[in-house]
Amino acid sequence: MRIGEKIHILVVEDDPMIGFDLAVELEDAGFAVVGVAPTVAKALDLLERHACDLAVLDVNLGHETSAPIARALVAAGVPFVAVTGYSVDQCPEEFARAPLLSKPFQTARLVAALKRQLHE
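So, how was this worked out
Residues numbered from 1 in each chain as written. Predicted model: local features only at pLDDT ≥ 70, side-chain atom pairs only at ≥ 80, totals over all residues. Heavy atoms only, no water. Salt bridge = Lys/Arg side-chain N within 4 Å of Asp/Glu carboxyl O. Helix = DSSP H or I, 4+ residues; strand = E, 2+ residues; numbered from the N terminus. Buried < 20%, exposed > 50% of the residue type's maximum accessible area, 1.4 Å probe, protein only. Expected span 1.5 Å × (residues − 1). Arc of directions from axis to C-beta. Contact = heavy atoms within 4.5 Å.

Visitor: What is the right way to read the pattern of salt bridges from this model?
Guide: Two side chains bearing opposite charge may form a pair once their charged atoms approach each other closely. Across all of its chains, the model carries 4 salt bridges by this definition. Of the charged contacts, one joins Lys103 and Glu13 as a salt bridge, the two residues approaching to 3.0 Å between their closest N and O atoms. Residue Lys103 is found in the loop between β7 (100-102) and α4 (107-118), and its partner Glu13 is found in the loop between β1 (7-12) and α1 (16-28); the two are separated by 90 residues along the sequence. Here Glu13 falls in the buried class, since its relative accessible area comes to 3%. For the salt bridge of Glu94 with Arg71, the shortest nitrogen-to-oxygen distance reads 2.4 Å. Remark: Arg71 occurs in helix α3 (residues 67-76) and Glu94 occurs in the loop between β6 (80-84) and β7; sequence separation between them is 23 residues. Given a relative accessible area of 44%, Arg71 falls into the partly exposed group. Beyond isolated ion pairs, a larger network of salt bridges with shared partners links Glu13, Asp58 and Lys103.

So this is what it looks like as structure tokens:
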């Protein structure tokens, strides 16, 4: 990534309104959103087609979790921040080392957590 280039981010969120709002807020914060994925399949497809520097993963995607996406991101060396309405001990082990924000959260807290991930 060159100086001045936008940071590309994938958003995984099954609620369409939350996903849309989050994408707008992240773009307003200076990120380039590569896509908003409501399912594991859609997220993995976006990851294959678009390089990303960071990701935001909603842990629970309705009838599935985003654990397979977390594994793919770890394998690719892409940091992510997890968001959830559940407690830490209810999350799959793939999220044990990721920053975890409880819903609802302030966008400023998410942006700060994402920027910390870039510098670790």
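Visitor: When you look at α1 in this model, what are you seeing that I'm missing?
Guide: Because an α-helix completes one turn every 3.6 residues, residues spaced three or four positions apart along the sequence face the same direction. With 13 residues, α1 should reach 18 Å at 1.5 Å per residue; the first-to-last C-alpha distance of 18 Å fits that figure. Along α1, the residues classified as buried are Gly19, Leu22, Ala23 and Leu26. One side of α1 carries all its buried residues, which in axial view fall inside an arc of 100°. Away from its buried face by more than 90 degrees, α1 exposes Met17, Phe20 and Asp28.

Visitor: I'm lost on helix α2 (residues 40-49) in this one. Help?
Guide: Within α2, burial applies to Val40, Ala43 and Leu46. Buried residues of α2, seen end-on, are gathered within an arc of 130° and therefore sit on one face of the element. Exposed residues on α2 whose side chains face more than 90 degrees from its buried face are Ala41 and Glu48. Buried positions along α2 lie against β1, β2 (31-37), β4 (60-61), β5 (64-65) and α3.

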